[in-house]
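So you can see what is in the structure, the chains are spelled out below.
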Amino acid sequence: MRESVGGTLLLQIVLVFLTVYIGFMAIVINYGRVFRYKNAIINAIEQNEGYGSCTDISTMVKRLGYNGDYVISATMTEKGAIYSVKVYIDFQVPLVRTKLSIPISGETRLVDTVFTDKLDDDFTCTQKDY
């Protein structure tokens, strides 16, 4: 009888460890994927020397294949614009039925943009705009 109880306890410990490990790997894989999207968005903004409207940014993000939430804002300086990009990882935890949203943010280098006349000081685009 002792050996059957000990075997059951060991099996439960292994299952809990396996569940935690699989959950951790899922988080790491999603984080890496969203981090690549953030870098691709930053590279596209820098290569095109900025974007002038939320429609252009929305088209670019859809072309990259990112379907999650994002916020892109531009801060104007005397020499150009600096774009801030924030993308979100969304996790749904099934046992407690909660949705976690973790932001990953980054900035472009100073972009000598051709759209300086179109941009306001508080230019912001979100996924919900378009």
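We now turn to the structure provided with this report. (Residues numbered from 1 in each chain as written. Predicted model: local features only at pLDDT ≥ 70, side-chain atom pairs only at ≥ 80, totals over all residues. Heavy atoms only, no water.)

## Section: the overall build of the chain
Right, on to step 1. Within the chain, the regular secondary structure consists of two helices and four strands.
Right, on to step 2. Beginning at the N terminus, the succession of helices and strands in the chain can be written as α-α-β-β-β-β.
Right, on to step 3. Residue burial in the chain is summarised as follows: out of 130 residues, 29% are buried.
Right, on to step 4. Put simply, of all contacts in the chain between residues at least 6 apart along the chain, 61% involve residues at least 24 apart. (Helix = DSSP H or I, 4+ residues; strand = E, 2+ residues; numbered from the N terminus. Buried < 20%, exposed > 50% of the residue type's maximum accessible area, 1.4 Å probe, protein only. Contact = heavy atoms within 4.5 Å.)

## Notes on the environment of Phe-91
Right, on to step 1. Looking at the secondary structure, you find Phe-91 in strand β2 (residues 81-93).
Right, on to step 2. Taking the C-alpha atoms as reference, Phe-91 lies 9.0 Å from Asn-30; in sequence the two are 61 residues apart.

## Looking at the pairing of strand β1 (residues 70-76)
Right, on to step 1. Here β1 shows a buried face lined by Tyr-70, Ile-72, Ala-74 and Met-76 and an unburied face lined by Val-71, Ser-73 and Thr-75.
Right, on to step 2. As paired elements, β1 and β2 share seven bridges and run antiparallel to each other. Bridged to Tyr-70 within β2 is Val-87.
Right, on to step 3. The turn linking β1 back onto β2 is made up of four residues. (Pairing = 2+ DSSP bridges.)

## Describing the environment of Thr-108
Right, on to step 1. With respect to the element layout, Thr-108 can be found in the loop between β3 (98-107) and β4 (123-126).
Right, on to step 2. Among residues more than four places away in sequence, those in contact with Thr-108 are Ile-42, Ile-45, Glu-46, Ile-82 and Tyr-83.

## Observations concerning the packing of aromatic side chains
The description of an aromatic ring pair rests on the distance of the ring centres and on the angle between the ring planes.
Right, on to step 1. Tallied over the entire structure, the rule returns one aromatic pair.
Right, on to step 2. The positively charged end of Lys-38 is found above the aromatic ring belonging to Phe-35, 4.6 Å away from the centroid. (Phe/Tyr/Trp six-rings, centres within 6.5 Å; stacked < 30°, edge-to-face > 60°. Lys NZ or Arg CZ within 6 Å of the ring centre and 35° of its normal.)

## Points about a nonpolar patch on the surface
Right, on to step 1. A contiguous nonpolar patch, built from Leu-11, Leu-15, Phe-17, Leu-18, Tyr-21, Ile-22, Phe-24, Met-25, Val-28 and Ile-29 and spanning about 1000 Å² of accessible area, is present on the exposed surface.
Right, on to step 2. Considering the arrangement of structural elements, one finds Leu-18 in helix α1 (residues 2-47). (Patch = residues over 30% accessible without salt bridge, like charges linked within 9 Å, V, L, I, M, F, W, Y side chains within 5 Å. Areas by Shrake-Rupley, 256 points an atom, 1.4 Å probe, with all protein chains shown as cover. Salt bridge = Lys/Arg side-chain N within 4 Å of Asp/Glu carboxyl O.)

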